[in-house]
Amino acid sequence: MPVPGPGYSITVRVEAPPSASAAGDLTSAVGRVGGVITAFDVVDSHSDRVVVDITCNAMSANHARDITTALEGLPGVVVRKVSDRTFLMHLGGKIEVTAKVALRNRDDLSRAYTPGVARICQAIAENPDDARRLTIKRNTVAVVTDGSAVLGLGNLGPAAALPVMEGKAALFKKFAGVDAWPVCLDTQDTEEIIRAVELIAPVYGGINLEDIAAPRCFEIEARLREKLDIPVFHDDQHGTAICVVAALRNALRVVGKDMADCTIVVCGVGAAGSAIIRLLLQRGPADVVAVDIDGIVDRGREGMDTNLAWVAQNTNRHNKTGRLHDALVGADVFIGVSAPNLFGAEQVATMADDAVVFALANPDPEIDPIEAQRHAAVVATGRSDYPNQINNVLAFPGVFRGLLDAQARTITDPMLLAAADAIADIVEGERLNPSFIVPSVFDAAVAPAVADAVRKAAQA
């Protein structure tokens, strides 16, 4: 199912004979091994050779090597250099700090720093709330991780998590004008993480927890919400839940079903799955059936942690047992945040008519989207190369923009639901169809709409 994409884009600089067929030979070699050329640039030419940069998308690092090998195998062709464009983008990091004020002379320096800054310090000491008005706190979010659940890669540690947190910070700035900074903690001890975030909290207007493994993430978020006077938001939980609820609202409009009549199967009961379940229950579905690696979550299961016990008590009204395939029979909706290739078209065929399938495991979903489309009326994934990409970037920039603008001190379910409705409402009227249930992540209307909805909910 993988297709060549920009995540594995390479630029290969080659020398080739200056023949009339050189360009065709090079492009054919790339095509024969499944590469997709996105640029072909002649950078130098001599009587005995031409130098060409060939930029192409691959499916994996191994596939990129296959492309290079295919080019090297052509008569007279020499590969000078291979550049991985993703690594090039990350050289030196993806974000920076820049000053918002000019420091042109002594007068500027005297106001921005000493002696003038002392007056600002005294004002904040007298009225700590002035920190939101007179410092970066009013527009700054900490993106906090311990590196224990990085993307779908597992426990890579804080240093390896940094590129993801940098990317998150860049998205905050791009889509909502929020200044965010990576805080990668060199500990995976719950108490140390909580204390570390407490200690740095005075600088920030909000905390975005990221890539912290379940079930530890639940306790960390809950206790930080109790301790801090700024919003604490675990994006893997609530960002995903917001986007799923928004997409499902529109998917059900497409198929003409009411949430109150729907049985929803949620596969994966970690951070994302648990939050999806909790937010979905606010919308009153007929039933939610949770499934994890051990099968359907039922009230008779032994050895459940606190989170799983809550899920068992609040879902699966008929106390079904069995495996995922059993849960799918007669279900209206499947939402997967679990693992790749768990079922096929034959299981989708056992679902209710006009079924909705959200297969969100990344990069490889629970079912091949093409297979799911054989029987499902609406299919969504977390991937950018299929319709209906459900991506957290639709939610978290606008959510924090709204929280910061409202000077909110916490975050509530009504705020999360308001964000979901704002995202869903962007796709209205004739735009809504089975292949378009959520807006593009580059739709400039999304973040302001989400921010406005969250701000109003926070001030209500």
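Rules used in this analysis
- Residues numbered from 1 in each chain as written.
- Predicted model: local features only at pLDDT ≥ 70, side-chain atom pairs only at ≥ 80, totals over all residues.
- Heavy atoms only, no water.
- 1 Å grid on protein atoms, 1.4 Å probe; cavity = no way out; pocket = protein on both sides within 12 Å on 5 of 7 lines; lining within 4 Å.
- Points joined across faces, edges and corners; volume = space filled by probe spheres on them.
- Helix = DSSP H or I, 4+ residues; strand = E, 2+ residues; numbered from the N terminus.
- Nonpolar A, V, L, I, M, F, W, Y, C, P; charged D, E, K, R; others polar.
- Domains from an automatic or database assignment.
- Contact = heavy atoms within 4.5 Å.
- Buried area = accessible area lost by both parts, 1.4 Å probe.
- Buried < 20%, exposed > 50% of the residue type's maximum accessible area, 1.4 Å probe, protein only.
- Polar contact = N/O pair within 3.5 Å; in protein donor to acceptor, adjacent residues only side chain to side chain.
- Salt bridge = Lys/Arg side-chain N within 4 Å of Asp/Glu carboxyl O.
- UniProt positions renumbered as here; feature names shortened; annotations may be inferred.

**Q** Could you clarify how one ought to interpret the layout of surface pockets in this entry?
**A** Empty space among the atoms can be located by rolling a probe the size of a water molecule over them. A volume near 1,100 Å³ is recorded for the second largest pocket. Lining the second largest pocket we find 31 residues, and of these Thr98, Ala99, Lys100, Ile136 and Asp179 sit closest to its centre. Broken down by secondary-structure element, the contributors of at least two residues to the lining of the second largest pocket are helix 4 (106-112), helix 5 (117-126), helix 7 (158-176) and strand 6 (179-184). With four residues, the single largest contributor to the lining of the second largest pocket is helix 5. The residue inventory of the lining of the second largest pocket, partitioned by class, reads 20 nonpolar, four polar and seven charged.

**Q** What am I meant to see in the domain arrangement of the protein here?
**A** Buried accessible area, meaning the area lost when the parts come together, often serves as the stated size of an interface. Examined at the domain level, the protein breaks down into domain 1 (9-90), domain 2 (137-230) and domain 3 (233-459). Between the C-alpha centres of domain 2 and domain 3 there is a distance of 23 Å. Facing 29 residues of domain 2, the contacting portion of domain 3 comprises 24 residues. Between domain 2 and domain 3 lies a buried interface of about 2,100 Å² when both sides are counted; carbon and sulfur atoms form 57% of it. Considering only the side of domain 2, the residues that lose the most area to domain 3 are Phe175, Phe218 and Arg225, jointly responsible for 27% of the buried surface there.

**Q** Even after reading the chapter, I still don't get the side chain of Thr240, so can you show me in this structure?
**A** Relative to the elements of secondary structure, Thr240 occurs in helix 10 (residues 235-255). A residue is classified by how much of its surface remains accessible, and Thr240, at 11% relative accessible area, is buried. One polar contact links the side chain of Thr240 to the main-chain carbonyl oxygen of Asp236, over a distance of 3.1 Å.

**Q** Got a minute to help me understand the pattern of salt bridges in this structure?
**A** Between side chains of opposite charge, a pair can form as their charged atoms come close. Scanning the entire structure with this criterion turns up 30 salt bridges. For the salt bridge of Arg133 with Asp130, the shortest nitrogen-to-oxygen distance reads 3.6 Å. Here Arg133 falls in the exposed class, since its relative accessible area comes to 52%. Arg216 is the salt-bridge partner of Asp146, the closest N and O atoms lying 2.6 Å from each other. Taken together, the positions of Asp146 in the loop between strand 5 (140-145) and helix 7 and Arg216 in helix 9 (residues 216-227) put the pair 70 residues apart, joining distant regions of the chain.

**Q** Before we go on, may I ask you to explain the UniProt feature "active site" (unreviewed entry) in the protein in this structure?
**A** Mapped onto this numbering, the UniProt entry annotates "active site" (unreviewed entry) at Tyr113 and Lys168. These residues run over 56 residues, and the two farthest C-alpha atoms among them are 30.4 Å apart, placing them at more than one spot. Residue placement: Tyr113 occurs in the loop between helix 4 and helix 5. A residue is classified by how much of its surface remains accessible, and Tyr113, at 55% relative accessible area, is exposed. Once residues lying within four places of it in the same chain are set aside, the contact partners of Lys168 are Val143, Asn208, Glu210, Asp235 and Phe396.

**Q** Help me understand empty space enclosed by the protein, please; the structure alone is not making it clear to me.
**A** A complete count under the given rule lists one cavity of 30 Å³ or more for this structure. Roughly 30 Å³ of internal volume is contained in the largest cavity. Arg132, Lys137, Arg138, Gly205, Leu404 and Gln407 together form the lining of the largest cavity.

**Q** Can you help me understand unusual backbone geometry in this one?
**A** Generally, phi is negative for residues other than glycine and the peptide bonds are trans, each holding for most cases. A cis amide bond links Thr114 with the next residue in sequence, Pro115, at an omega value of 10°. For the peptide bond that leads from Ala214 to Pro215, omega is 5°, which places it in the cis range. Take Pro215: it is sitting in the loop between strand 7 (206-209) and helix 9. For Asp211, which is not glycine, the phi torsion reads 55° and is therefore positive. When you line up the elements, Asp211 lands in the loop between strand 7 and helix 9. Accessibility expressed as a relative area gives 4% for Asp211, which makes it buried. In this structure, Asn316 is a non-glycine residue whose phi angle is positive, near 55°. You can call Asn316 buried: its relative accessible area is 0%.

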